[in-house]
Amino acid sequence: MSRVKHDYTVAVCPGSFDPVTNGHLDIIGRAADIFDKVIVTVATNSQKTPLFSVEERKQLLTEVTAHLPNVEIDSFGGLLINYIVEKNAHVIIKGLRAVSDFEYEMQMASINHKLNAKVETFFMMTHPKFSYLSSSIVKEIARYDGPITDLVPDLVEAAITAKLKANKQV
């Protein structure tokens, strides 16, 4: 069977990014080293109650990725595969921390491939120092006034602290 060579220059890195962590930034930065353009897109998920609004998450991402000229920040709702086509991308970047992540992400990659066989999912293993890190863990630690300095960029830490105080959760 002959294979068609694809031009994988635009990649999309979707996530909730509530909040963006140093683990997210590790994956985004490494993807930016590989692809000509990386669109980091905040997915709206009606099943989650986020700490930050979509616009706040986009703003935080814009600030912490400002040093990466080939990274664009966006948001979307609906099917990821439709967004990928709209952006003329052919790659989905997903960061993996553990085997448990792989099971879920493999299901998603398989259904996305079924919906559009021209779109590939690239899995990137997180750096081992971030393998335990998730946005949920960061929020939980912050809610109990624990240290999150090494888990998120400084400006994200400040935003989390301010948001929790405003919500009277600290």
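The coordinates are above.
Conventions and cut-offs
Residues numbered from 1 in each chain as written. Predicted model: local features only at pLDDT ≥ 70, side-chain atom pairs only at ≥ 80, totals over all residues. Heavy atoms only, no water. Salt bridge = Lys/Arg side-chain N within 4 Å of Asp/Glu carboxyl O. Helix = DSSP H or I, 4+ residues; strand = E, 2+ residues; numbered from the N terminus. Buried < 20%, exposed > 50% of the residue type's maximum accessible area, 1.4 Å probe, protein only. Core = buried A, V, L, I, M, F, W, Y, C linked by side-chain atoms within 4.5 Å. Contact = heavy atoms within 4.5 Å. Pairing = 2+ DSSP bridges. Right-handed = clockwise from strand over helix to strand, strands pointing away.

Evaluated as defined, the whole model comprises 8 salt bridges. Note that Asp18 and Lys139 form a salt bridge whose closest N and O atoms lie 3.0 Å from each other. Of this pair, Asp18 sits in the loop between strand 1 (10-15) and helix 1 (22-34) while Lys139 sits in helix 5 (residues 135-143), and the two are 121 residues apart along the sequence. The exposure class of Lys139 is buried, given its relative accessible area of 12%. A salt bridge links Asp101 to Arg97; its shortest N-O distance comes to 3.1 Å.

Counting 35 residues, the largest nonpolar core has Ile28, Val40, Ile93 and Ile160 as the members making the most contacts within it. Put simply, the parts of the chain that give this core at least two residues each are strand 1, helix 1, strand 2 (37-43), helix 2 (54-64), strand 3 (71-76), strand 4 (91-96), helix 5 and helix 6 (154-166). Sort the elements by how many residues they give to this core and helix 1 lands first, with 5 residues. Discounting chain neighbours no more than four positions away, the residues touching Val40 are Cys13, Phe17, Ile28, Leu61, Val71, Glu72, Ile73 and Asp74. Among the nonpolar cores identified, the runner-up in size contains 12 residues, and Val12, Tyr83, Ala89 and Val119 belong to it.

Taken across its 6 residues, strand 1 has 6 buried, putting it largely inside the fold. Note that strand 1 and strand 2 share 6 bridges and pair parallel. In the strand pairing of strand 2, Gly15 is matched with Val42. The handedness of the strand 1 to strand 2 crossover, carried by helix 1, is right-handed.

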